[in-house]
Amino acid sequence: MLTEEQRLIRETARKFAQQELLPKAAEIDETEGFYPEQFKKMGRLGLLGITVPEKWGGTGADVLSATLVMEEFGRVCASTALSYLAHSILCVHNLAVNTSDEQRAKYLPALISGEKIGGMAMTEPGAGSDSLGMRLKAEKKGDSYLLNGEKTFITNGPVGETFVVYARTGSQRTNLTSFIVEKGFEGFSVGKKIHKLGMRGSPTSELIFKDCKVSAQNIVGKEGGGVPMMMNTLDVERTTIAGISLGIAQAALEQSLKYSSERKQFEEPIIEFQMIQKMIADMHTELEAARALVYATARKLDRKERATRESSAAKLYASEMATRAGNWAIQIFGGYGYTREFPVERYWRDAKLMEIGAGTSEVQRKIIVRELREKGIGASVAE
Ligand SMILES: Cc1cc2nc3c(=O)[nH]c(=O)nc-3n(C[C@H](O)[C@H](O)[C@H](O)COP(=O)(O)OP(=O)(O)OC[C@H]3O[C@@H](n4cnc5c(N)ncnc54)[C@H](O)[C@@H]3O)c2cc1C
């Protein structure tokens, strides 16, 4: 059962999504629009620093609460949900967990209020799934580092002002360090904006580093500490991103139920046809199964237990479930589902990204098997 606080946060996110995101969702997709003022409103509602302890200016809510917000946003506008995830989890949560008090005091207030938008840059043109193969190099020069190389596919790249950037500081694969890079830093620039199949209102771009000078004070943790830092937050990232998949599938189910009850063929609503019923029943059942897995994983993380296998399984199942739900919704809508007059084609395009971002489905399967082999099957997250 959700706690009173979790219900309240979900209600706040639902109200915001209905009032602010729903009227703009189709246009955001069509025009690749992005509205920074929506982030400021989220900031005023306490949603941007959702997992950050109150002593650092956040809301101090748990992982399940953050997942519920993703779900509410994903149900209405998955693009906004993705940009919100990159900001509030990949950047803000990451900084809150891993930085010093001084860095928190310097960077968190503007990110939590929405005055500045954040992102996280790990992926490079030659290093995606193999993130430890990254080549962006940070060389120490006096009390600064010079960063050279490029990142790609960075959510909020074109609009962000504060980025958590992973760079290589040694020749071993694990010699990685995380830096806080601000938009105005010398030698930093935003590269090509990337146009996508879905998630079109979540701006994505390359980031370019040419002798980009970053003070040693902007190292997160210590030099060479990048890998443990990545691992610290990955489970939370995968669990919360699964919330977006739940939201997309919920919207697909709602639209399918409504349309199939209204649309008549052969003089009866198409929901009377058993093959339509199968798609709707399966959509509901899979969504409920995914939701149970995702929420149980979030609760495990909230008990401060390790949930690497569970968060990979939650992310994997929820994302593939959401793509199936989008696909079935298009089928239920027939020709109309294939048009841009109805939102279901958008759900399917947006859902597909969930199988790729934050580690592909193949990578999640690899992690699940690695965990099973190393640690055994163990207890179920449902227990
Ligand atoms: C819209 C969008 C937003 C993103 N946002 C961010 C962001 O904010 N920050 C960030 O750092 N990154 C971001 N990414 C990058 C994303 O995390 C990567 O695209 C993803 O990790 C896959 O990397 P790749 O695209 O290089 O594919 P590749 O790694 O080249 O994979 C290609 C194919 O090979 C498969 N494959 C690779 N290795 C294996 C293996 N060992 N076993 C089996 N199959 C394998 C993959 O599963 C995939 O099917 C984003 C991507 C997109 C599309």
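Parameters at a glance
Residues numbered from 1 in each chain as written. Predicted model: local features only at pLDDT ≥ 70, side-chain atom pairs only at ≥ 80, totals over all residues. Heavy atoms only, no water. Domains from an automatic or database assignment. Contact = heavy atoms within 4.5 Å. Buried area = accessible area lost by both parts, 1.4 Å probe. Salt bridge = Lys/Arg side-chain N within 4 Å of Asp/Glu carboxyl O. Polar contact = N/O pair within 3.5 Å; in protein donor to acceptor, adjacent residues only side chain to side chain. Helix = DSSP H or I, 4+ residues; strand = E, 2+ residues; numbered from the N terminus. Nonpolar A, V, L, I, M, F, W, Y, C, P; charged D, E, K, R; others polar. Buried < 20%, exposed > 50% of the residue type's maximum accessible area, 1.4 Å probe, protein only. Bend = angle between axes of the 7 residues up to and from the residue. Near = heavy atom within 4 Å. Areas by Shrake-Rupley, 256 points an atom, 1.4 Å probe, with all protein chains shown as cover. Axes fitted to C-alpha atoms, helices over the stretch in contact; angles between N-to-C directions. Parallel < 35°, antiparallel > 145°, perpendicular 65-115°, else oblique. Left-handed = near helix turned anticlockwise from the far one by under 90°. Phe/Tyr/Trp six-rings, centres within 6.5 Å; stacked < 30°, edge-to-face > 60°.

1. Side note on the domain arrangement of the protein
Taken domain by domain, the protein consists of domain 1 (4–117), domain 2 (120–223) and domain 3 (227–375). Taking only C-alpha atoms, the centre of domain 2 and the centre of domain 3 are 30 Å apart. Domain 2 puts 14 residues into the contact, and the matching count from domain 3 is twelve residues. At the boundary of domain 2 with domain 3, total buried surface from both sides reaches about 1100 Å², with 73% on carbon and sulfur atoms. Three residues, Tyr-166, Leu-197 and Met-199, lead the burial of domain 2 against domain 3; their summed loss comes to 47% of the area buried on that side. Counting across the domain 2 and domain 3 interface gives zero salt bridges. At the boundary of domain 2 with domain 3, the tally comes to two residue pairs in polar contact (both at pLDDT 80 or more). Going through the elements one at a time, strand S4 (162–168) and strand S5 (176–182) are the ones with two or more residues in the side of domain 2 that touches domain 3. Along the lines of polarity and charge, the residues of the side of domain 2 that touches domain 3 split into nine nonpolar, four polar and one charged.

2. Quick look at the side chain of Thr-308
Assignment of secondary structure puts Thr-308 in helix H9 (residues 308–333). There is a polar contact of 3.0 Å between the side chain of Thr-308 and the side chain of Asp-235. Sequence-distant contacts of Thr-308, defined by excluding residues within four places in its chain, comprise Asp-235, Ile-367, Arg-370 and Glu-371.

3. Side note on unusual backbone geometry
Notably, Met-199 is not glycine yet its phi reads approximately 50 degrees, a positive angle. If you trace the backbone, Met-199 turns up in the loop between strand S6 (188–193) and strand S7 (204–215). Here Glu-267, not a glycine, exhibits a phi torsion of approximately 65 degrees, which is positive. For Glu-267, a relative accessible area of 79% gives the class exposed.

4. Re helix H5 (residues 78–98)
Remark: the principal bend of H5, roughly 30 degrees, maps to Val-92. Counting buried positions over the 21 residues of H5 gives 20, a clear majority of the element.

5. A short note on the site of the ligand
By nearness alone, 16 residues border the ligand, and Thr-123, Ser-129, Phe-153, Thr-360 and Glu-362 come closest of all. Met-120 has a polar backbone atom sitting 2.9 Å from a nitrogen atom of the ligand. Note that a nitrogen atom of the ligand is positioned 2.7 Å from one of the side-chain N or O atoms of Thr-123. Compared with its free state, where it exposes 970 Å², the ligand has 65% of that area covered by protein. Listing elements by their share of the shell around the ligand, those giving two or more residues are strand S1 (118–121), strand S3 (144–155) and helix H11 (361–375).

6. A look at the environment of Val-294
Considering the arrangement of structural elements, one finds Val-294 in helix H8 (residues 274–302). Each C-alpha atom, one on Val-294 and one on Thr-67, is 8.4 Å from the other, the two residues being 227 residues apart in sequence. Val-294 has contacts with Thr-67, Thr-239, Ala-242, Leu-246, Ala-314 and Ala-318, leaving out every residue within four places of it along the chain.

7. Remarks on the packing of helix H1 (residues 4–21) against helix H4 (residues 63–76)
When two helices pack together, their arrangement is captured by the angle between the axes and the distance separating the axes. Here H1 crosses H4 at 20 degrees, and the two axes come no closer than 9 Å. In terms of axis orientation, H1 runs roughly parallel to H4. The two elements H1 and H4 meet at a crossing, and its hand is right-handed. Taken together, the residues of H4 that come into contact with H1 (itself represented by Gln-6, Ile-9, Arg-10, Ala-13, Arg-14, Phe-16, Ala-17, Gln-18 and Leu-21) are Leu-64, Ser-65, Leu-68, Val-69, Glu-72, Phe-73, Arg-75 and Val-76. Looking at side-chain class alone, the contact of H1 with H4 contains ten nonpolar, three polar and four charged residues.

8. Some remarks on the side chain of Arg-200
Note that Arg-200 resides in the loop between S6 and S7. Side-chain polar atoms of Arg-200 contact the backbone oxygen of Asp-29, separated by 3.4 Å.

9. Looking at the packing of aromatic side chains
In total, this model carries eleven aromatic pairs according to the counting rule given. With a centroid separation of 5.6 Å and 45 degrees between ring planes, the pair formed by Phe-16 and Phe-73 is classed as tilted. Within this pair, whereas Phe-16 is found in helix H1, its partner Phe-73 is found in helix H4, the two being separated by 57 residues in sequence. Given the relative accessible area of 0%, Phe-73 is considered buried. Ring centres of Tyr-259 and Phe-342 lie 5.8 Å apart, and the angle between their planes is 75 degrees; on these two criteria the pair is classed as edge-to-face. Placement of Tyr-259 in helix H7 (residues 226–262) and of Phe-342 in the loop between H9 and helix H10 (344–354) is noted, with a sequence separation of 83 residues between them. Since its relative accessible area comes to 28%, Phe-342 is described here as partly exposed.

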